[in-house]
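Given next are the chains, with one letter for each unit.
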Amino acid sequence: MAHSPTPTRPPSRKGLFLLYILLAVLVTAWSLGWFYIRHRATTEMDAWLAREAADGRNWTCADRSITGYPFRIELRCASLAFDRSDSRFTLGPVTAVVQVYQPRQGILEVGGPFHVEQGDLTADATWTSLEGSFHGASDGFVRASLVANDAKGSVRGAGADPIDFDTGHLEFHARPTPGRFASEGAVDTSLRVNRIRLPLADAALGNVDPADLALDATVNRATALGTGTVARELEDWRAAGGSLDLALLSLAKGDRRLQAKGRLDLDAQHRPQGQLDLRAAGVEALVGQVMGQRFGAEKGALIGSLVGQLMGRRTPPSAEAGVAASADDALKPLPPLRLGDGRVTLGPFPIPGVQLPPLY
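Residues numbered from 1 in each chain as written. Predicted model: local features only at pLDDT ≥ 70, side-chain atom pairs only at ≥ 80, totals over all residues. Heavy atoms only, no water.

A separate point is the overall build of the protein. Helix and strand content of the protein: seven helices and 23 strands. Burial status across the protein gives 31% buried among its 360 residues. Look at the contacts in the protein between residues 6 or more apart in sequence, and 50% of them connect residues 24 or more apart. Counting every atom, the protein has about 21,700 Å² of accessible surface; 61% of that belongs to carbon and sulfur. (Helix = DSSP H or I, 4+ residues; strand = E, 2+ residues; numbered from the N terminus. Buried < 20%, exposed > 50% of the residue type's maximum accessible area, 1.4 Å probe, protein only. Contact = heavy atoms within 4.5 Å. Areas by Shrake-Rupley, 256 points an atom, 1.4 Å probe, with all protein chains shown as cover.)

Below you can see the structure in the form of structure tokens.
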């Protein structure tokens, strides 16, 4: 007798439903976590703004919003303004972004225009793009950077005429000096500015070519600097033994090139002081022109010629060793540039018309 087949039970779908349930729980937990982080960010920001206001520093973030769900925290201000007793500034739209899973790394985008006032000085600037980034650490920071393209503007109040400027590309980077940050508060900085145009300087130098600037320096006792007034922070930095070590200051403008290295700090009267060792190419005529303002055209030309002879006699070590010449090998040593007692001297010659006033 034939047996009827045993009916088979359909496969259970509990596993499939369980997967959807777990996914829903995960999404809900993540959403609750994101909104909690957003609430904490809002609360801490309000507390920070209150502390800043209590210290006389007032920040205004117009139309503030915090978005970025599900993976980011985005702070947006339609405009940003800052005001304190000695200065104030305004910016255009500002956006700060932090990834939820990397809370110590942030990206900043800033729109123009920029307007700043400090004492008798005022400045305005615009740019096509300005971005910054910050990598933090439990004991400070790892790196901070700023990049700007096509920045241009004007500074008024520093002299009879406004100082107009125009740049192609600007980069600034800072990091703690390895082995010296914890003990000495030292910070390494690097600045590169390409295609600088300063019409006021062009007229004085008789050279309308755009300039390129490079600066590598270490700021010693940088941790003494805070967010107080400029005068108070600079005095705290000076009192802490702050100084600036210039590893490289390079300026190239047409066929004229200048490099400097040395150390600068502030004297008891709050004026810059120190010494810079110079190397240059194509500046003999400029030296004669500058010195001629004090000693007369004939003596100025003689001094320029003397400087040129001194530069010609000092052969770079690489050339003496038979190393192939490079762009830097074309630079010849100049007499040192000394800053002290409010004066600037090039070797034994004081630079006419140059006085160093107190910075604060």
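Read on for the rest.
A few words now on the nonpolar core. Within soluble globular proteins, side chains that are nonpolar tend to cluster in buried spots. Leu-276, Leu-278, Leu-337, Leu-339 and Val-344 are the most contacted members of the largest nonpolar core, which has 15 residues in total. Of all the elements in the fold, those that place two or more residues in this core are strand E18 (256-266), strand E19 (272-281), strand E21 (337-340) and strand E22 (343-346). A per-element tally of this core places E19 first, with three residues. Once residues within four sequence positions are removed from consideration, Val-344 is found in contact with Leu-337, Arg-338, Leu-339, Phe-349, Pro-350, Ile-351, Val-354 and Leu-356. Counting residues in hydrophobic clusters, the runner-up holds twelve residues, among them Phe-82, Val-110, Ala-125 and Ala-148. (Core = buried A, V, L, I, M, F, W, Y, C linked by side-chain atoms within 4.5 Å.)

Okay, the packing of aromatic side chains next. Where two aromatic rings form a pair, the distance of their centres and the angle of their planes describe that pair. Scanning all chains against the criterion turns up eleven aromatic pairs. Relative to Phe-89, the ring of Trp-59 lies with its centre 6.0 Å away and its plane at 80°, an arrangement referred to as edge-to-face. Of this pair, Trp-59 sits in strand E1 (residues 58-61) while Phe-89 sits in strand E5 (residues 87-91), placing them 30 residues apart in sequence. On the accessibility criterion, Trp-59 (28% relative accessible area) is partly exposed. (Phe/Tyr/Trp six-rings, centres within 6.5 Å; stacked < 30°, edge-to-face > 60°.)

This brings us to the side chain of Asn-207. Within the secondary structure layout, Asn-207 lies in the loop between helix H3 (199-205) and strand E16 (211-220). Only 2.8 Å separates the side chain of Asn-207 from the backbone nitrogen of Asp-209, close enough to count as a polar contact. The contact partners of Asn-207, leaving out residues within four places of it in the chain, are Asp-202, Lys-253, Gly-254, Asp-255 and Arg-256. (Polar contact = N/O pair within 3.5 Å; in protein donor to acceptor, adjacent residues only side chain to side chain.)

This part takes up the environment of Ala-217. Residue position: Ala-217 is located in strand E16. A relative accessible area of 4% places Ala-217 in the buried class. Between the C-alpha atom of Ala-217 and that of Leu-191, which follows or precedes it by 26 residues, the distance is 8.7 Å. Aside from chain neighbours lying at most four places away, what touches Ala-217 is Val-187, Asp-188, Thr-189, Leu-244, Asp-245, Leu-246 and Ala-247.

Within a sheet, each strand pairs with its neighbour through backbone hydrogen bonds, oriented either parallel or antiparallel. Ordered in space as E1-E4-E5-E8-E9-E12-E13, the seven strands form an open sheet in which the pairing is antiparallel. A single partner strand is all that each edge strand has here, and the edge strands are E1 and strand E13 (163-166). Averaged over neighbouring strand pairs, the angle between their axes works out to 10° when direction is ignored. Pairing geometry for strand E12 (residues 152-156) and E13, over four bridges, is antiparallel. Paired with Val-155 across the bridge in E13 is Ile-163. (Pairing = 2+ DSSP bridges. Axes fitted to C-alpha atoms, helices over the stretch in contact; angles between N-to-C directions.)

This part is about the confidence of the model for the protein. Per-residue pLDDT for the protein averages 87, and the proportion of residues at 70 or more is 82%. Long-range and interchain partners of residues 313-325, a stretch whose pLDDT sits below 50, account for twelve contacts in this model, where long-range means more than four residues apart. (pLDDT = per-residue confidence, 0-100.)

Mapped onto the secondary structure, Arg-192 falls in strand E15 (residues 187-196). With a relative accessible area of 32%, Arg-192 lands in the partly exposed category. Between the C-alpha atom of Arg-192 and that of Asp-212, which follows or precedes it by 20 residues, the distance is 7.7 Å. Not counting residues up to four positions away in its chain, the partners in contact with Arg-192 are His-169, Leu-170, Glu-171, Leu-213, Ala-214, Leu-215 and Asp-216.

So, about the pairing of strand E4 (residues 80-83). Burial along E4 is one-sided: the face carrying Leu-80 and Phe-82 is buried and the face carrying Ala-81 and Asp-83 is not. Of the pairings in the sheet, the one linking E1 to E4 comprises four bridges and is antiparallel in character. Within the sheet, the bridge partner assigned to Thr-60 lies in E4 and is Ala-81. Pairing analysis gives four bridges linking E4 to E5, with the strands arranged antiparallel. By the bridge assignment for E5, Asp-83 is matched with Arg-88. Adjacent in sequence and paired antiparallel, E4 and E5 are bridged by three residues.

Before going further, it helps to examine unusual backbone geometry. For the bond running from Tyr-69 to Pro-70, omega is 15°, close enough to zero to count as cis. Residue placement: Pro-70 occurs in the loop between strand E2 (65-67) and strand E3 (72-77). In the segment running from Gly-112 into Pro-113, the intervening peptide bond is cis, with an omega of 0°. Looking at where Pro-113 falls in the secondary structure, it is placed in the loop between strand E7 (102-110) and strand E8 (114-118). One non-glycine residue, Arg-195, lies in the positive phi region at around 55°. Of note, Arg-195 is situated in strand E15. Owing to a relative accessible area of 48%, Arg-195 belongs among the partly exposed residues under this scheme.

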